[in-house]
Amino acid sequence: MLYNFLKKIFFKKENNFSKDIFNINKKVIFGFWIYIMSDCIMFATAFSVYFVMVNNISNGPSGKDIFNLNIVELETLFLLLSSFMFSISLNFLKKNNSFMVCFFLFLVFILGFLFIFFESYEFFLLFHKNYYPTKSGFLSSFYFLLSFHGIHIIVGLIWILLMIFQIIILGINKNIITKILCLSIFWHFLDIIWIFLFTFVYLFGMIK
């Protein structure tokens, strides 16, 4: 009985399912990849500024003094799990199961929101210790790099909510599939950026 119930949910296909709706607009996807490349250049610039300024601590703290890896590891877990959930939602998108697509997109939203919440908490703890961006070049570049990534995550969260509402109202069509694929590229791109942040900012900062 439970098996049949789960089977109905996970393998449900809408009656009007047609493989034709997966003929997505490739020009839009190509244009979005160009945007991602331009965003990649902006992140590369932000990383370059950070690496130049990382030793410019003036009389302030270094990374080893301020980084809290427990919080950062939690943030990393949330973001990686959200990418995994996004992959599952894409799998249900192929099955044209709008309910499960919305469900897993909502889980991605929750995990992304938790990521932003703990990143804000991390900033709050640093501000509480008077580690403001104006204290040194290192802190300015550190806050900028994390905030730049965080703003992208917030944009992604708003985009996810809009997609859920669109699927509920319009169902799954070619236009929705193209938008979700663009959103998927955007979200996984932010994951990759975070892995660079975690490795080169936090881990290298702790062992330096």
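An account of the accompanying structure is given in this report. (Residues numbered from 1 in each chain as written. Predicted model: local features only at pLDDT ≥ 70, side-chain atom pairs only at ≥ 80, totals over all residues. Heavy atoms only, no water.)

A positive phi angle, close to 60°, is found at Asn96, a residue other than glycine. The residue Asn96 is located in the loop between helix H4 (69-94) and helix H5 (98-128) in this model. For Asn96, a relative accessible area of 2% corresponds to the buried category. Notably, Asn130 is not glycine yet its phi reads approximately 65°, a positive angle. You can see Asn130 is positioned in the loop between H5 and helix H6 (137-170). The class for Asn130 is partly exposed, based on a relative accessible area of 46%. (Helix = DSSP H or I, 4+ residues; strand = E, 2+ residues; numbered from the N terminus. Buried < 20%, exposed > 50% of the residue type's maximum accessible area, 1.4 Å probe, protein only.)

Position of Glu119 relative to the elements: it lies in helix H5. As for Glu119 and Glu75, which are separated by 44 residues in sequence, their C-alpha atoms are 7.1 Å apart. If near-sequence neighbours (up to four positions away) are discounted, Glu119 is found in contact with Glu75, Leu146, Gly150 and Trp194. (Contact = heavy atoms within 4.5 Å.)

This next bit is on the nonpolar core. Among the nonpolar cores identified, the biggest contains 63 residues, and Phe142 and Ile180 are the most heavily contacted of them. Sorting the residues of this core by element identifies helix H2 (26-53), H4, H5, H6 and helix H7 (174-207) as the ones contributing at least two each. Here this core gets 16 residues from one element, more than from any other, and that element is H7. With sequence-adjacent residues up to four places away left out, Phe142 is seen in contact with Tyr50, Ile66, Phe67, Glu122, Leu126, Val201 and Tyr202. (Core = buried A, V, L, I, M, F, W, Y, C linked by side-chain atoms within 4.5 Å.)

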